[in-house]
Protein chains: 2
Amino acid sequence: MNQEIIQTYQIESSIFKSMAHPIRLFIIHQLENKKYGVQELADMAEIDISTMSRHLDTLKRHRIIAGEKIKNNVFYTLNIPCVLEFMTCANKVINQQNKLGGII
Amino acid sequence: MNQEIIQTYQIESSIFKSMAHPIRLFIIHQLENKKYGVQELADMAEIDISTMSRHLDTLKRHRIIAGEKIKNNVFYTLNIPCVLEFMTCANKVINQQNKLGGII
DNA sequence: TGTCTATTTGGCCAAATTGACAAACACTAT
DNA sequence: ATAGTGTTTGTCAATTTGGCCAAATAGACA
């Protein structure tokens, strides 16, 4: 395995990876419009708050979102608006998939 | 776990996932400029050809790339040019990370 | 200080991903 | 038909990821 290539694309791939999960995409889409706290997001997604906390941490570590503590709550906001351009492209890919009959 | 959310973002997340690997990003960047065969790409990345074949298959199944067989060789091309916009955004994220001191 | 609320972290298990080797396969060309 | 070339697939071990519960932590406020 060529270590130079790995290194070159490691960070880029870790950013993709950080977004490559249904719950984390859900989070990104929610924060498009408004700030949310951890418990609120956990309730909406119907997952354990500890699991939600970990997903938020993943996105935060990659600077996709940012958290701001107000009193006892941490409110998260979308940090990288251009992430939404990703989605536009992703949807083009999805539409093309549908036209061609889906994957697998 | 809210199945509706999962369903909504499953496909989108599988597209991110398909690109979230250093070797597969390497492939995408190479195909930006020119067609390549499986063996060529395997040589460049210094990985087993079977491993490269599987990475190419992953990208192909998600319509990121397309393969065309000519004689005994399969040449791959980038199928979704807007993928490159992804990269532009990803790099903004990376640069912001660097400014702030990198991640973990 | 002590308590209450909200969030994060540790531990553990199940499931998914990655990589290599070898075997199978598809096709070309003798 | 047979050999040769290039690609894909079967299998398996090692690693990573995702989920929940329980315990730990951080901060607000009486």
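What comes next is a walk through the structure. (Residues numbered from 1 in each chain as written. Chains lettered and ligands numbered in written order. Predicted model: local features only at pLDDT ≥ 70, side-chain atom pairs only at ≥ 80, totals over all residues. Heavy atoms only, no water.)

Overview of the relation of the copies chain B and chain A
Here is step 1 of the chain: Turning chain B through 180° and shifting it by 0.0 Å along the axis lays it on chain A, with an RMSD of 0.1 Å. Taken together, the rotation and translation relating the two chain copies correspond to the operation of a two-fold axis.
Here is step 2 of the chain: A symmetric contact is evident, with 100% of the interface residues of chain B recurring at the interface of chain A. (Least-squares fit on C-alpha atoms with pLDDT ≥ 70 in both. Contact = heavy atoms within 4.5 Å.)

Side note on the sheet that holds strand S1 (residues 36–37) of chain A
Within a beta sheet, neighbouring strands are joined by backbone hydrogen bonds and run either parallel or antiparallel to one another.
All names here are of chain A.
Here is step 1 of the chain: Strand order in the open sheet made by the three strands is S1-S3-S2, with antiparallel pairing throughout. Two strands bound the open sheet, and with one partner strand each, they are S1 and strand S2 (65–70).
Here is step 2 of the chain: Relative to strand S3 (residues 73–78), S2 runs antiparallel, the two being bridged by six bridges. Looking across to S3, one finds that Ala 66 is bridged to Thr 77. (Pairing = 2+ DSSP bridges. Helix = DSSP H or I, 4+ residues; strand = E, 2+ residues; numbered from the N terminus.)

What about the sheet that holds strand S1 (residues 36–37) of chain B?
All names here are of chain B.
Here is step 1 of the chain: One open sheet holds the three strands; their spatial order is S1-S3-S2, and the pairing between them is antiparallel. Where the open sheet ends on each side, the last strands, each with one partner, are S1 and strand S2 (65–70).
Here is step 2 of the chain: Where helix H4 (residues 49–61) meets the sheet, it contacts S2 and strand S3 (73–78), and its direction lies at approximately 120° from that of S2. (Axes fitted to C-alpha atoms, helices over the stretch in contact; angles between N-to-C directions.)

Any functional reading would require information beyond the geometric quantities listed.
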